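# Survey of secondary and tertiary structure
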Amino acid sequence: MAQQLVRVDDRQFSLYISEAEIEKEVTRIAGELKRDLAGRDPIFMGILNGAFMFASDLFRKLDFPCQITFLKLASYSGTGSTGTVKQLIGINRELRNRVVVVLEDIVDTGITLETILMQLSGYQPAEVRVATFLHKPEATIRKIRLDYVGREIPNDFVVGYGLDYNEYGRNLREIYQVVD
Ligand code: 5GP
């Protein structure tokens, strides 16, 4: 079968996960969430920008009462020695005693997710779960429990389905892997 190639900005990418395969995994995760959380009034938290497409596809497959909101990690220059500090912004709901499900596009090193989970714990939710569409286990250096995972992938750069390369490629309906 011919390789399906796309150009995003200045690089070539080849088809890695088709739209049909994505749909299948999202449907599976939606089923797992229903099994685990229906009746518990969960609040989903999509992490912008990358997770907007996964969050939207997943959310429309949930047929039980639940809520959704979107959060962003904003960088600002801290005064401490670490330089850049990432702060989770956009939490405008009462999370105390709620079941929170973080929706991520991809977990690579796990540092972003660790930052998110640490900041969320300050709001005293009953429980925080994580659903990520992609996971790169070989790159993950933080020990974090991932409750729902679409696909485990090798440590290669991918674009599409919300994920960008230089802010382009988020609109691709499939996921593509960098060629060179
Ligand atoms: P982590 O903190 O887990 O290392 O990185 C998480 C963030 O890095 C993701 O939310 C995403 O923005 C970016 N990232 C990691 N791997 C990839 C990749 O293969 N492709 C794209 N487009 N972004 C990635």
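All of the points below concern the structure found in this document. (Residues numbered from 1 in each chain as written. Predicted model: local features only at pLDDT ≥ 70, side-chain atom pairs only at ≥ 80, totals over all residues. Heavy atoms only, no water.)

## Observations concerning the overall build of the protein
A count of helical and extended segments in the protein gives three helices and ten strands. Traced from its N-terminal end to its C-terminal end, the protein shows the element sequence β-β-α-β-α-β-β-β-α-β-β-β-β. Against the globule reference of 16 Å for 180 residues, the protein gives a C-alpha radius of gyration of 17 Å, in line with a compact fold. Its C-alpha atoms give the protein principal-axis dimensions of about 50 × 45 × 25 Å. Expressed as a percentage of the 180 residues in the protein, the buried residues total 44%. Sequence separation of 24 or more characterises 65% of the internal contacts of the protein that already satisfy a separation of 6 or more. Carbon and sulfur atoms form 48% of the exposed surface of the protein, whose accessible area is close to 9,600 Å². (Helix = DSSP H or I, 4+ residues; strand = E, 2+ residues; numbered from the N terminus. Rg over C-alpha atoms; globule rule 2.2 N^0.38 Å. Buried < 20%, exposed > 50% of the residue type's maximum accessible area, 1.4 Å probe, protein only. Contact = heavy atoms within 4.5 Å. Areas by Shrake-Rupley, 256 points an atom, 1.4 Å probe, with all protein chains shown as cover.)

## Some details on the site of the ligand
If you check the shell around the ligand, you find 15 residues, and the closest are Thr109, Thr112, Lys136, Val158 and Asp164. Contact distances for the ligand include 2.7 Å between a nitrogen atom and a backbone N or O atom of Asp164. Coverage of the ligand by the protein amounts to 80% of the 510 Å² it exposes when considered alone. Spatially, the ligand is embedded in the largest pocket. Where the shell around the ligand is concerned, the elements lending two or more residues are strand S6 (99-107) and helix H3 (111-121). Residue contributions to the shell around the ligand peak at four residues, all from S6. Considering only residue class, the shell around the ligand consists of six nonpolar, three polar and six charged. (Near = heavy atom within 4 Å. Polar contact = N/O pair within 3.5 Å; in protein donor to acceptor, adjacent residues only side chain to side chain. 1 Å grid on protein atoms, 1.4 Å probe; cavity = no way out; pocket = protein on both sides within 12 Å on 5 of 7 lines; lining within 4 Å. Sits in = over half its atoms within 2 Å of the grid points. Nonpolar A, V, L, I, M, F, W, Y, C, P; charged D, E, K, R; others polar.)

## What to know about the packing of aromatic side chains
Evaluation of the coordinates by the stated rule reveals six aromatic pairs. Taken together, Phe13, Phe157 and Tyr165 form an aromatic cluster joined through their ring pairs. (Phe/Tyr/Trp six-rings, centres within 6.5 Å; stacked < 30°, edge-to-face > 60°.)

## Overview of the pattern of salt bridges
For the structure shown, the criterion picks out 17 salt bridges. Close ionic contact of Glu25 with Arg151 constitutes a salt bridge, the shortest N to O distance being 3.3 Å. Within this pair, whereas Glu25 is found in helix H1 (residues 19-37), its partner Arg151 is found in strand S8 (residues 148-152), the two being separated by 126 residues in sequence. The shortest N-O distance in the salt bridge between Asp63 and Lys34 comes to 3.1 Å. (Salt bridge = Lys/Arg side-chain N within 4 Å of Asp/Glu carboxyl O.)

## Things to note about H3
Residues that lie three or four places apart on an α-helix share one face, since the helix turns once every 3.6 residues. By the burial criterion, the buried members of H3 are Leu113, Thr115, Ile116 and Leu120. Seen end-on, H3 carries its buried residues on one side only, within an arc spanning 160°. (Arc of directions from axis to C-beta.)

## Describing unusual backbone geometry
A cis amide bond links Leu48 with the next residue in sequence, Asn49, at an omega value of 0°. Looking at the secondary structure, you find Asn49 in the loop between strand S3 (43-48) and helix H2 (52-59). Non-glycine residue Asp41 carries a positive phi angle of around 50°. Among the secondary structure elements, Asp41 is positioned in the loop between H1 and S3. Judged by relative accessible area, which is 37%, Asp41 ranks as partly exposed.

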